[in-house]
Amino acid sequence: MAASLSRLHHISLHVTNVDKIAYELVSKFKFNLFVARLTEKSKQLAFRKGAAVFVVNERPLNGVTLSSKRGISPSESEPGWTNNIQTGIKNDKDPKCLYDVNPHYSVDTASNVCFEVENVERSFKSLRNLGCDFLVPPTEVCDEKGIVTYSVVKSIVGNVNHTLIDTSKYKGSFLPGFQEVENVTENGTPVSNSTDSSCPVTHFDHITYACPRRCTPQVMSWYERHFGFHRFFIDSNEDVDEGYVLNTEGIGLRLTAMEYWKCSQTGIKLPFTDDKQPDCKFVIAESLPDQGVTVLLPSHSSPLPGLEPGTLCTHRQLTPTKHLSRHKIRGPCRAKGKQLLQGRNQVDTFLEQHGGPGIQHIGLYTQDIVSTAQTMGRAGVHFFSPPPAYYTEVGKQQEMEDAGYDPQMLSQHSILLDTDLRQVQTDPSCQTTDTQKKRYLLQAFTKPIFSEDTFFLELIERRGASGFGEGNIQALWRSVQAYMDTERAETEAQGENTTHRT
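Quantities reported herein were computed from a predicted structural model and do not represent experimental measurements.

Below, the discussion takes up the overall build of the protein. Counting its regular elements, the protein contains 11 helices and 23 strands. Within the protein, the fraction of its 502 residues that count as buried is 57%. Within the protein, residue pairs in contact and separated by at least 24 positions form 75% of the contacts whose partners lie at least 6 positions apart. About 22200 Å² of surface is accessible on the protein, with carbon and sulfur atoms providing 48% of the total.

This part is about the pattern of salt bridges. Counted according to the given criterion, the structure contains 12 salt bridges. Linked through salt bridges whose partners overlap, the residues forming this network are Lys20, Glu24 and Lys28.

Turning to the confidence of the model for the protein, a few remarks are in order. Averaged over every residue, the pLDDT of the protein is 77; the share at 70 or more is 66%. Below a pLDDT of 50 lies the segment residues 292–343, which in the model reaches 119 contacts outside its immediate sequence neighbourhood of four places, other chains included.

On the secondary structure map, Glu458 appears in strand β23 (residues 456–463). Of the side chains bearing the opposite charge, Arg462 lies closest to the buried Glu458, which forms no salt bridge; the N-O distance is 6.6 Å. At 3.1 Å, the side chain of Glu458 and the side chain of His361 are in polar contact. The contact partners of Glu458, leaving out residues within four places of it in the chain, are His206, His361, Ile362, Gly363, Leu364, Gln443, Ala444 and Phe445.

Attention shifts here to the pairing of strand β2 (residues 32–38). Along β2, seven of the seven residues are buried, which leaves the element largely enclosed by surrounding structure. Sheet analysis places β2 next to strand β3 (residues 43–49), joined by six bridges and oriented antiparallel. Its bridge partner lying in β3, Ala36 is registered against Leu45. Between β2 and β3, which follow one another and run antiparallel, lie four residues. Sheet topology note: the β2/strand β9 (residues 179–180) ladder contains two bridges and is antiparallel. By the bridge assignment, Ala36 is partnered in β9 with Gln179.

Where burial is concerned, the two faces of strand β21 (residues 416–419) agree: the one with Leu416 and Asp418 and the one with Leu417 and Thr419 are both buried. Examined bridge by bridge, β21 and strand β22 (residues 440–445) share four bridges and lie antiparallel to one another. Looking at β22, one finds that Asp418 is bridged to Leu441.

Our next topic: helix α1 (residues 18–27). Helical geometry note: an α-helix holds 3.6 residues per turn, so side chains three or four residues apart project in the same direction. For α1, the buried fraction is high: nine of the 10 residues fall into the buried class. Inspection of α1 places Val18, Asp19, Ile21, Ala22, Tyr23, Glu24, Leu25, Val26 and Ser27 among the buried residues, and these make up the whole buried set.

As a further point, take the sheet that holds strand β5 (residues 109–117). Here we have nine strands laid out as an open sheet, ordered β6-β7-β8-β5-β1-β4-β3-β2-β9, and mixed in their pairing. Of all strands in the sheet, those with a lone pairing partner are β6 (134–143) and β9, marking the two edges. One ladder, built from five bridges, connects strand β1 (residues 5–15) with strand β4 (residues 52–58); its direction is parallel. Within β4, the residue paired with Leu13 across the bridge is Val56. Set on the sheet, helix α2 (residues 120–129) makes contact with β5, β6, β7 (146–154) and β8 (161–166); between it and β6 the angle comes to about 175 degrees. Here helix α3 (residues 216–227) sits on the sheet and contacts β1, β7 and β8; the angle it forms with β8, its principal contact strand, is near 15 degrees.

What follows concerns the packing of aromatic side chains. Each pair of aromatic rings is reported with the distance of its centres and the angle of its planes. If you walk through the whole model with that rule in mind, you get 23 aromatic pairs. Here Phe229 and Tyr260 contribute two aromatic rings whose centre-to-centre distance is 6.0 Å and whose plane-to-plane angle is 45 degrees, an arrangement assigned as tilted. Note that Phe229 is positioned in strand β13 (residues 229–232) and Tyr260 in strand β15 (residues 251–260), a separation of 31 residues in sequence. Each member of the pair, Phe229 as well as Tyr260, carries the same accessibility label: buried.

Now for the side chain of Glu116. With respect to the helices and strands, Glu116 occurs in strand β5. The residues touching Glu116, leaving out its near neighbours within four places in the chain, are Leu5, Ser6, Arg7, His9, Ile165 and Thr167.

Next up on the list: α3. Here α3 spans 16 Å end to end across 12 residues, near enough to the 16 Å set by a 1.5 Å rise per residue. The set of residues buried in α3 consists of Thr216, Gln218, Val219, Met220, Trp222, Tyr223, His226 and Phe227. Within two residues after α3, Gly228 carries a phi angle of roughly 75 degrees, on the positive side.

A separate point is the environment of Glu144. Along the chain, Glu144 turns up in the loop between β6 and β7. Taking the C-alpha atoms as reference points, Glu144 and Tyr170, separated by 26 residues in sequence, lie 9.3 Å from one another.

If you look at the biggest cluster of nonpolar residues, it comprises 85 residues, and the most contacted ones within it are Phe54, Ile207, Tyr223, Phe227 and Ile362. Setting aside its immediate chain neighbours within four residues, Tyr223 contacts Ser155, Ile156, Val157, His162, Tyr209, Gly228, Phe229 and Met258. One finds Val35, Leu98, Val101 and Val141 within the second-largest nonpolar core, a separate group that totals 19 residues.

Conventions adopted
- Residues numbered from 1 in each chain as written.
- Predicted model: local features only at pLDDT ≥ 70, side-chain atom pairs only at ≥ 80, totals over all residues.
- Heavy atoms only, no water.
- Helix = DSSP H or I, 4+ residues; strand = E, 2+ residues; numbered from the N terminus.
- Buried < 20%, exposed > 50% of the residue type's maximum accessible area, 1.4 Å probe, protein only.
- Contact = heavy atoms within 4.5 Å.
- Areas by Shrake-Rupley, 256 points an atom, 1.4 Å probe, with all protein chains shown as cover.
- Salt bridge = Lys/Arg side-chain N within 4 Å of Asp/Glu carboxyl O.
- pLDDT = per-residue confidence, 0-100.
- Lys, Arg positive; Asp, Glu negative; His and termini not counted.
- Polar contact = N/O pair within 3.5 Å; in protein donor to acceptor, adjacent residues only side chain to side chain.
- Pairing = 2+ DSSP bridges.
- Axes fitted to C-alpha atoms, helices over the stretch in contact; angles between N-to-C directions.
- Phe/Tyr/Trp six-rings, centres within 6.5 Å; stacked < 30°, edge-to-face > 60°.
- Expected span 1.5 Å × (residues − 1).
- Core = buried A, V, L, I, M, F, W, Y, C linked by side-chain atoms within 4.5 Å.

In C-alpha cells form, the structure reads like this:
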C-alpha cells in the first residue's frame with residue numbers, strides 16, 4: 001500500500017558555503033530567513049517565500065564544516081554573514097542534521113523533498129513492507145510547542161531522499177530545534193524580512209529530475225507504487241511509453257511528468273485562499289541516445305545510484321568531478337580507470353558534474369513573472385538569455401502580442417512565452433485571437449546557483465496553462481548550450497594564456 005501524502009513541506013539543499021547561498025536567497029531571490037538551527041559545528045537555515053520553503057544545510061567538506069573553522073571566513077563576498085543571526089537562544093549542542101541526513105556528497109546538491117503525512121509510523125510500515133530503504137526510522141523531536149515525528153526514506157533517484165513528517169501535534173512556526181530569527185545584518189544594516197510585493201512567488205510549481213537514459217520507467221513505477229503518483233501528460237500527442245520527445249536539430253530530450261494523484265483531484269493542501277489549491281508536479285528529464293556531453297565512466301560497471309536491483313537501467317555510475325574546475329576536461333583522453341566520452345548535452349552535463357542523477361531544477365510559481373524577473377535581475381540574479389531570433393520570429397512575436405506582452409520587454413528580462421497547445425487542440429474556442437480564451441505559460445530560467453553546472457531555478461507564471469512550455473524547450477536548450485559553449489571557450493582561452501606565460 002502506498003504512503004498517503006498530505007502536502008509538500010519543504011525542499012532541502014546541502015551546501016558547503018551556507019553563507020553564500022543564504023545571502024543570495026535573501027538578497028537576490030527575495031526569500032525570507034525566518035528560522036534557524038545553529039549548532040557548534042554547522043547551520044540549518046529555513047527560507048520562505050509564500051508556501052515555498054528551502055532548508056539550507058551546511059555540509060562538511062572533507063569532514064569539516066566552514067562554521068567549525070574558527071577565524072576563517074566562509075565567503076569572500078559575504079564574510080560570516082549568517083554569524084549575525086540572532087535567535088534568542090544558545091546554540092544547539094546536538095551536531096547531527098535534523099529532519100534529514102548528511103548526503104556525504106562531494107558537490108553542493110538539492111537532495112531532499114519533504115512531504116507531510118498523517119501518520120509517520122504507518123507510512124514507515126507500509127513502505128518498509130514494499131522494500132524501501134529507510135535512512136532514519138520514525139523519530140520524535142519535541143520542544144515546548146509540541147511534538148513532530150519524522151522518518152527519512154531513500155528514493156530511487158540518485159541521492160534524493162524524502163523526509164516524511166507529521167506536524168499535526170506541533171504549534172510552532174516551523175519545526176522543533178529551529179528558532180525564530182530575530183535579526184540579521186548585512187554590513188551592519190538589518191536585512192529586511194518583509195514581504196516583497198514586487199516578487200510574488202507563492203509556491204513550488206514543479207521539481208525536475210535529471211536521469212540517465214532509459215531510467216524513466218523505473219522512476220515512474222517507483223513513485224507510483226510507493227507514493228501513489230500518476231502520469232501527467234505534457235503534450236496531448238505524447239506517447240504513453242516514450243513520453244514527450246524533442247529530437248530535432250541536435251536537440252535530444254525526453255520529458256515525462258507525474259503528479260501525486262490526490263493533488264490532481266483536490267489540490268495539495270497549501271495555505272492559499274483561492275478555490276483551486278496548487279499542486280507540485282515532478283518531471284523526469286533524460287537525453288536521447290547519441291546525445292551526450294563529457295561523462296566520466298568508471299571502467300567497471302556498477303548499478304546506478306538509487307536504482308533498485310534488477311531494473312533495466314544499464315547506465316554506469318557516474319563519478320563526481322568536484323576536484324575539477326568547470327569545463328576543464330576537453331577532447332578525447334583517458335583518466336586512470338575511466339573512459340572520457342565527448343559530446344554535448346545539458347542533462348548529461350548535470351549527471352557528470354553532479355556525480356549522478358538528482359534534482360536539476362525547481363520551478364517557482366509567481367503571480368507576476370515580469371515584476372519578479374525584473375526585481376531579481378536588479379538584485380543580481382543572472383538568467384539564461386534565449387537566442388535573439390526567438391523574440392523576432394513573426395509567429396512568436398504575434399503570440400506574445402496576443403497575450404498582451406511587448407516582445408522587447410520579454411527579451412529584456414529573458415522571459416519565454418508559450419501557448420498551451422493541448423488546450424488549443426481540444427477546445428475549438430481557443431482558435432480565436434481572443435486572449436481571454438487562450439492559455440499561456442511564461443518562464444525564465446536562472447543560471448546555476450552552485451559552483452557546478454547543476455542546480456538552477458525557474459520562474460513560471462501560468463495563465464491557465466498546465467504544461468511545461470513545450471514550445472520553449474528548444475529556445476531554452478539553445479540558450480543553455482550557448483552559455484556552456486561560452487564558458488568552455490573562456491576556460492580554454494585562460495588555459496592557453498597560462499601556457500603562453502609559462
